[in-house]
Structure formats: structure tokens, C-alpha cells
Amino acid sequence: VQLQASGRGLVQPGGFLRLSCVASGIIRSITVMGWYRQAPGKQRELVASFTTAGVITYGDSVKGRSTISRDNAKNTVTLQMNSLKPEDTAVYYCNVDGRTTPWAPFNVWGQGTQVTVSS
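Residues numbered from 1 in each chain as written. Predicted model: local features only at pLDDT ≥ 70, side-chain atom pairs only at ≥ 80, totals over all residues. Heavy atoms only, no water.

**Structural notes on unusual backbone geometry**
Glycine aside, a negative phi is what most residues show, and trans is what most peptide bonds show.
Moving on, step 1. Despite not being glycine, Asn75 shows a phi value in the positive range, around 50°.
Moving on, step 2. Structurally, the position occupied by Asn75 is in the loop between strand S7 (66–71) and strand S8 (76–81). (Helix = DSSP H or I, 4+ residues; strand = E, 2+ residues; numbered from the N terminus.)

**What to know about the pattern of salt bridges**
Moving on, step 1. Evaluation of the coordinates by the stated rule reveals four salt bridges.
Moving on, step 2. Its salt-bridge partner being Arg37, residue Asp88 comes within 2.8 Å of it at the nearest N-O pair. Here Asp88, found in the loop between S8 and strand S9 (90–101), pairs with Arg37, found in strand S4 (residues 29–38); they are 51 residues apart in sequence, far enough to count as distant.
Moving on, step 3. In this structure, the salt-bridge partner of Lys63 is Asp60, at a minimum N-O distance of 3.2 Å. (Salt bridge = Lys/Arg side-chain N within 4 Å of Asp/Glu carboxyl O.)

**Looking at the nonpolar core**
Moving on, step 1. Ranked by internal contacts, the top residues of the largest apolar core, which has 29 residues, are Leu17, Trp35, Val47, Leu79, Met81, Tyr92 and Val96.
Moving on, step 2. Listing elements by their share of this core, those giving two or more residues are strand S1 (2–6), strand S3 (17–24), S4, strand S5 (45–51), S8, S9, strand S10 (104–109) and strand S11 (113–117).
Moving on, step 3. Apart from the residues within four sequence positions on either side, Leu79 is in contact with Leu17, Arg18, Leu19, Trp35, Val47, Ala48, Ser66, Thr67 and Tyr92. (Core = buried A, V, L, I, M, F, W, Y, C linked by side-chain atoms within 4.5 Å. Buried < 20%, exposed > 50% of the residue type's maximum accessible area, 1.4 Å probe, protein only. Contact = heavy atoms within 4.5 Å.)

**Thoughts on the pairing of S4**
Two faces belong to every sheet, and in a regular strand the side chains alternate between them.
Moving on, step 1. Judged from the nine bridges that link them, S4 and S9 form a sheet pairing that is antiparallel. Residue pairing for S9: Trp35 is matched across the bridge by Cys94.
Moving on, step 2. Bridge count for S4 against S5 is six bridges, and the pairing is antiparallel. Directly across from Tyr36, in S5, lies its bridge partner Leu46.
Moving on, step 3. Between S4 and S5, which pair antiparallel one after the other, the connecting turn spans six residues, and Gly41 there sits at a positive phi close to 80°. (Pairing = 2+ DSSP bridges.)

**Focus on the state of the cysteines**
Moving on, step 1. Evaluation of the coordinates by the stated rule reveals one disulfide.
Moving on, step 2. A sulfur-sulfur distance of 2.1 Å marks the disulfide that ties Cys21 to Cys94. Handedness here is read from the sign of the S-S torsion; for Cys21 and Cys94, about -90°, the answer is left-handed. Pair noted here: Cys21 is in strand S3 and Cys94 is in strand S9, with a separation of 73 residues, a long-range link. (Disulfide = S-S within 2.5 Å.)

**Notes on the sheet that holds S3**
Strands pair in a sheet through their backbones, by hydrogen bonds, and they do so in one of two ways: parallel or antiparallel.
Moving on, step 1. Ordered by their spatial adjacency, four strands build an open sheet running S1-S3-S8-S7, and the pairing between neighbours is antiparallel. If you trace the sheet from one side to the other, it starts and ends with S1 and S7, each paired once. Taking the axes of each pair of neighbouring strands and ignoring which way they run, one obtains an average angle of 15° across the sheet.
Moving on, step 2. Pairing analysis gives six bridges linking S3 to S8, with the strands arranged antiparallel. Within S8, the residue paired with Cys21 across the bridge is Val77. (Axes fitted to C-alpha atoms, helices over the stretch in contact; angles between N-to-C directions.)

**Some points on the packing of aromatic side chains**
Moving on, step 1. What the rule picks out here adds up to two aromatic pairs.
Moving on, step 2. An angle of 65° between the planes, with centres 5.1 Å apart, marks the rings of Tyr36 and Trp109 as edge-to-face. With Tyr36 in strand S4 and Trp109 in strand S10, this pair connects stretches of sequence that are 73 residues apart.
Moving on, step 3. The interplanar angle of 85° and the centroid separation of 6.4 Å between the aromatic rings of Tyr93 and Trp109 together place this pair among those described as edge-to-face. Of this pair, Tyr93 sits in strand S9 while Trp109 sits in strand S10, and the two are 16 residues apart along the sequence.
Moving on, step 4. Over the aromatic face of Tyr93 sits the side chain of Arg44, whose NZ or CZ is 3.8 Å from the ring centroid. (Phe/Tyr/Trp six-rings, centres within 6.5 Å; stacked < 30°, edge-to-face > 60°. Lys NZ or Arg CZ within 6 Å of the ring centre and 35° of its normal.)

Now the structure itself:
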């Protein structure tokens with residue numbers, strides 16, 4: 001299973017960010033699709049996740065200004081964040097959890113997208 005992420009990397013403070021991630025390969029089912037981020041010197045943290053059951057979770061630092069959506073037919077997850085701040089600067093990673101067969105789970109990470117919030 002491979003993940004391909006897309007989205008612009010340089011955003012002005014107060015601007016918005018839109019990141020998309022497509023999962024491809026042998027995929028029988030997907031359980032969770034989400035986005036994480038890691039800033040320099042900090043641990044990787046959840047930005048947002050969306051389970052197949054419809055449960056959406058947002059990280060505390062992005063609540064109220066982020067929206068995650070999924071297109072199950074296209075195995076795509078999209079993150080939109082508004083009112084970006086310099087502290088949102090980080091490498092953003094797509095993460096997908098699922099199964100290639102009923103007996104073979106997978107959990108894969110995208111290559112990471114550098115997002116810099118600066119004027």
C-alpha cells in the first residue's frame with residue numbers, strides 16, 4: 001500500500017491549508033485515515049483522523065479551525081485548516097490503517113509534507 005500526498009507547503013499566517021492523500025495498492029478495507037504532524041524538537045501529534053465508522057477526532061491544537069473529509073470510493077482523505085499560525089509549521093504525515101486481506105492488516109505513513117507558516 002502506498003500513500004501519495006499533495007498540498008502547498010508555504011502559507012501566510014491567517015491563511016488556509018489543504019492537504020490530500022490517496023492510498024493505492026492492494027486494499028481490502030480501510031479502518032482509519034488521518035493526518036499527523038511533527039514540528040522540530042517535538043513529538044508527532046494527531047491533527048485529525050476519520051474512521052470508516054464515521055468517528056472524527058481532532059487534535060486539541062487544531063480544533064475549531066480544521067476539517068477532515070474522506071472519499072471512500074477513491075481512498076482519499078483531505079485536511080483543510082484555516083487561520084494558520086506560525087506554530088502550525090511542521091511536517092504533516094498522512095496515515096492509513098486497514099487490511100490487504102482479512103488476515104493481513106497494514107498501517108502506512110506518507111512521506112511527509114513540509115508546511116511552513118510564515119509571512
